[in-house]
Amino acid sequence: MSGYRASLESQTNAKRNSIGFTDTIFAEDIGKFPDTNIAESVNRIPGVTISREVTGEGTNVAIRGLGTNFTRVLLNGAPVAVASVRFDAQSTNREVDLDLLPTELFTQLTVSKSPVASQIEGGAAGTVNLRSARPFDNPNTYVSYSLQGSKVSSADKWGYRGHLLASTTFGNFGILAGVSVSKSEFRIDGYETIGWTNPNLSAAQRTSGTLNATGGGNFSIPATVPANAGNGLTTGAVINQAFLLANNPGATIDQIDNGLIPRLSRPRTEVGSRERQSYLASLEWRPSDSLHFYVDGMYGKRDTEFTRTALNWVGRNGAAIPLNTTYDRTDCTTGCVVTSGTYANAQFFLEYRPYKDTQDYWGVNPGLDFIVNDWIKGDIQANYTKSNFRRESPTVLVITPPSSGVTATYVNDGLRPVVTANVDLNNPANFGWAGGGRVNLNGEERETETKGCAAACCSAMLRDSASVSARRTTTRVGGSRRSTTPLCGRTRSAVTVRTSVCRRPTQALRPVPASTSRAPRRPSASPPSPATAPISRRAARRSAMPAL
């Protein structure tokens, strides 16, 4: 029996012979694992869900509703850790990004939802064991290959993926080698709201009741009308409770105080490509039916380049003046949502961020299985893996200056919010550095390393062997030593590059990874001045036009 029927038979036997709650997926043959991503294959199993990148590609595994960092991932029975950061700086915990591992180089994966004594501990939700291809999986000389193209409708270029894998055996010795390559082009256009906020009214702007009773309060309405506010407002007029009620007919002070608008509301575009190369080598020696030696080695590398562009309407830390606002409910004492309104003295900022990620992984996994007699058998295994990740992500942020006469019109009808401005947001002349514009030069490096060994011996004997109801007693003893070391930090070239871009030291924000305890470094100098605008505005102009 071979092919798909053999795969189903192997799955049935694995389920029948397991002593816990396990599910196993087998490839039809070497190089014929279902799906094009290991995480997508795991998602076929009941009780298992996966998290996805913004591109839609599956990455991490979650079992029975617990977070992905509660799932232990093993490679050929040994712990594995991959240094990575996802598109939005997530996945910085113990989870393993499975999109680095191509399905063509694997023949079996097992999800254990309950622990057993023979397993490596550490998976509170469960354990996923990935088994790479080995020569004696198919003892004949075997060659597997594939090549296919892919096209995302929103992307301009074609992607591809392919693999070549060959194995052969010479009596009791076998060798296997394989390579898998892929490149995906993507473009994602979307709209997102980053949190919600209400105004932080002053005592003059609300003369009775509780100020900011529902929390939030991330933006302040100015005490007087600033210059260039437009909309028929008089510069210097006092903005008090009477002013707010008069300019928002039909609204109550509770609604104005507690009505929520987006902290940031923005269309967002991500365009780029991901290129992956993976290599596998495996040696097996079976001098007898009771002795089995193996060595598995794998190397993977991935390069990702993409740009993220977003045009943000500023709610947080702003000084907008609400006019003609409407709300989704009349009673707003416990909070409500603004459904429409005009906001004088508004601001928009364009954020342009190119990313360049490099990531590699390599590991070796030697071991042996032995059988002494019908009652005693055991196994010995060692492993070593190392992974490195580096990200460069500078940011250019230009903003419409304060008091520049910008008015935002906001409509939230329950679908995608619509925000329009009274100025041309495609015109670079309407943006500058004053009011929060900056150049951020961020970088991050991560490194993980695992190493260890394990040995176990299992003995079994029959009691009352003459009886039809013979009982078997099994004892397994052994030892294991594993260690996983994650290291992370910031790249150190930011000051040099920042000075080169802006011609003098300027503000730079370099976030510290969540897994470290160091506090972010304070800016050492003032923000960029308008004098530096010409050199960086050209970069902003190039990015602004296609995104808007």
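Because the structure is predicted, anything quoted here is derived from the model rather than measured.

1. Looking at the overall build of the protein chain
For the protein chain, the helix and strand inventory stands at six helices and 20 strands. A burial count over the protein chain gives 45% of its 548 residues as buried. Taking the intrachain contacts of the protein chain between residues at least 6 apart in sequence as the baseline, contacts between residues at least 24 apart amount to 72%.

2. A closer look at the state of the cysteines
All chains considered together, the criterion is met by one disulfide. At a sulfur-sulfur separation of 1.8 Å, the disulfide partner of Cys332 is Cys336. Residues Cys332 and Cys336 are joined by a disulfide whose S-S torsion is about -80°; by sign, that bridge is left-handed. When its relative accessible area of 1% is taken as the criterion, Cys332 is described as buried.

3. So, the packing of aromatic side chains
What the rule picks out here adds up to seven aromatic pairs. Seen in terms of ring centroids, Trp285 and Phe293 are 5.3 Å apart; in terms of plane orientation they differ by 20°. Their pairing is stacked. When its relative accessible area of 39% is taken as the criterion, Trp285 is described as partly exposed. Arranged with centres 4.4 Å apart and planes meeting at 5°, the rings of Phe306 and Tyr355 form a pair that is stacked. Linking Phe306 in strand S12 (residues 291-314) with Tyr355 in strand S15 (residues 348-371), this pair joins segments that are 49 residues apart in sequence. For the pair shown, Phe306 and Tyr355 are each scored as buried. Here a set of aromatic residues connected by ring pairs shows up, and it is made of Phe186, Phe306 and Tyr355. Positioned above the aromatic ring of Tyr294 is the side chain of Arg134, whose terminal nitrogen or guanidinium carbon lies 4.1 Å from the ring centre. The ring of Phe136 carries the charged tip of Arg286 above its face, separated from the ring centre by 5.2 Å.

4. Here's the deal with the nonpolar core
A general tendency of soluble globular proteins is for nonpolar side chains to be buried together. Counting 37 residues, the largest nonpolar core has Leu233, Ile239, Phe243, Leu244, Trp313, Ile321 and Tyr343 as the members making the most contacts within it. No other element matches strand S14 (residues 336-344), which puts four residues into this core. Not counting chain neighbours up to four residues away, the residues in contact with Ile239 comprise Gln205, Ile221, Pro222, Ala223, Thr224, Val225, Leu244 and Ile321. Membership of the second largest hydrophobic core comes to 30 residues, among which are Ile50, Leu75, Val96 and Leu165.

5. Looking at the pairing of S12
Relative to S12, strand S11 (residues 259-288) runs antiparallel, the two sharing 21 bridges. In the sheet register, Val271 faces S12, and the bridge partner there is Thr307. Linking S11 back to S12 in an antiparallel pair, the connection comprises two residues. As judged from the 23 bridges shared by S12 and S15, these two strands associate in the antiparallel manner. Residue pairing in the sheet places Phe306 in a bridge with Tyr355 of S15.

6. Concerning empty space enclosed by the protein
Under the criterion given, the structure shown has six cavities of 30 Å³ or more. Counted as a void, the largest cavity has a volume near 110 Å³. In terms of lining residues, the largest cavity is bounded by 16 residues, among which Leu75, Asn76, Tyr361, Gly363 and Asn365 are the most central. Of all elements in the fold, only strand S5 (78-79), S12, S15 and strand S16 (376-399) reach the threshold of two or more residues within the lining of the largest cavity. A per-element tally of the lining of the largest cavity places S15 first, with four residues. Here the residues of the lining of the largest cavity sort into eight nonpolar, seven polar and one charged.

7. Re the side chain of Asn345
Within the secondary structure, Asn345 sits in the loop between S14 and S15. A polar atom in the side chain of Asn345 sits 2.9 Å from the backbone oxygen of Ala319. Contacts of Asn345, omitting those with residues within four sequence positions, involve Pro226, Ala229, Ala319, Ala320, Ser403 and Val406.

8. Overview of the pattern of salt bridges
Within this structure, the stated rule accounts for 21 salt bridges. The closest approach of N and O atoms between Asp99 and Arg302, which form a salt bridge, is 3.1 Å. One end of the pair, Asp99, is in the loop between S5 and strand S6 (106-112); the other, Arg302, is in strand S12, and 203 residues separate them in sequence. The pair formed by Asp99 and Arg302 is uniform in burial state, with each residue classed as buried. The salt bridge partner of Arg353 is Glu351, with a shortest N-O separation of 3.0 Å. Each of Glu192, Arg266, Arg268, Glu270, Arg308, Glu351 and Arg353 takes part in salt bridges that share partners, so that together they form one network.

9. Looking at the side chain of Arg302
When its relative accessible area of 6% is taken as the criterion, Arg302 is described as buried. Reaching out from Arg302, the side chain makes a polar contact with the side chain of Asp99 at a distance of 3.1 Å. Engagement of the side chain of Arg302 in a polar contact is seen with the side chain of Gln359, the distance being 2.8 Å. In this view, Arg302 contacts Asp99, Leu100, Arg274, Glu275, Arg276, Asp357, Thr358 and Gln359; residues no more than four positions away in its chain are not counted.

10. With respect to the environment of Cys453
Position of Cys453 among the secondary structure elements: in strand S19 (residues 438-463). Between the alpha carbons of Cys453 and Ala382 there is a distance of 4.0 Å; along the sequence they are 71 residues apart.

11. Quick word on the confidence of the model for the protein chain
On average, residues of the protein chain score 79 in pLDDT, and 75% of them reach the 70 mark or higher. Confidence over residues 465-470 falls short of pLDDT 50; this stretch has three contacts with residues more than four positions distant or in other chains. Segment residues 504-548 is flagged for pLDDT under 50; beyond a separation of four residues in sequence, or across chains, it makes 85 contacts in the model.

12. Describing the sheet that holds strand S1 (residues 22-26)
One open sheet holds the five strands; their spatial order is S1-S6-S7-S4-S5, and the pairing between them is mixed. Two strands bound the open sheet, and with one partner strand each, they are S1 and S5.

13. A word on unusual backbone geometry
You will see that Asn317, though not glycine, has its phi angle at about 55°, which is positive. Its relative accessible area of 67% is what places Asn317 among the exposed residues. Here the phi dihedral of Asn345 falls at roughly 60°; this positive angle occurs in a residue that is not glycine.

14. Things to note about a nonpolar patch on the surface
Where nonpolar side chains cluster on the molecular surface, the patch consists of Phe170, Phe173, Ile175, Leu283, Trp285, Val295, Trp362 and Val364 and spans about 690 Å² of accessible area. Of all the secondary-structure elements, those providing two or more residues to the nonpolar patch are strand S10 (173-197), S11 and S15. Summarising the element assignment, Val364 is placed in strand S15.

Cut-offs applied
- Residues numbered from 1 in each chain as written.
- Predicted model: local features only at pLDDT ≥ 70, side-chain atom pairs only at ≥ 80, totals over all residues.
- Heavy atoms only, no water.
- Helix = DSSP H or I, 4+ residues; strand = E, 2+ residues; numbered from the N terminus.
- Buried < 20%, exposed > 50% of the residue type's maximum accessible area, 1.4 Å probe, protein only.
- Contact = heavy atoms within 4.5 Å.
- Disulfide = S-S within 2.5 Å.
- Phe/Tyr/Trp six-rings, centres within 6.5 Å; stacked < 30°, edge-to-face > 60°.
- Lys NZ or Arg CZ within 6 Å of the ring centre and 35° of its normal.
- Core = buried A, V, L, I, M, F, W, Y, C linked by side-chain atoms within 4.5 Å.
- Pairing = 2+ DSSP bridges.
- 1 Å grid on protein atoms, 1.4 Å probe; cavity = no way out; pocket = protein on both sides within 12 Å on 5 of 7 lines; lining within 4 Å.
- Points joined across faces, edges and corners; volume = space filled by probe spheres on them.
- Nonpolar A, V, L, I, M, F, W, Y, C, P; charged D, E, K, R; others polar.
- Polar contact = N/O pair within 3.5 Å; in protein donor to acceptor, adjacent residues only side chain to side chain.
- Salt bridge = Lys/Arg side-chain N within 4 Å of Asp/Glu carboxyl O.
- pLDDT = per-residue confidence, 0-100.
- Patch = residues over 30% accessible without salt bridge, like charges linked within 9 Å, V, L, I, M, F, W, Y side chains within 5 Å.
- Areas by Shrake-Rupley, 256 points an atom, 1.4 Å probe, with all protein chains shown as cover.

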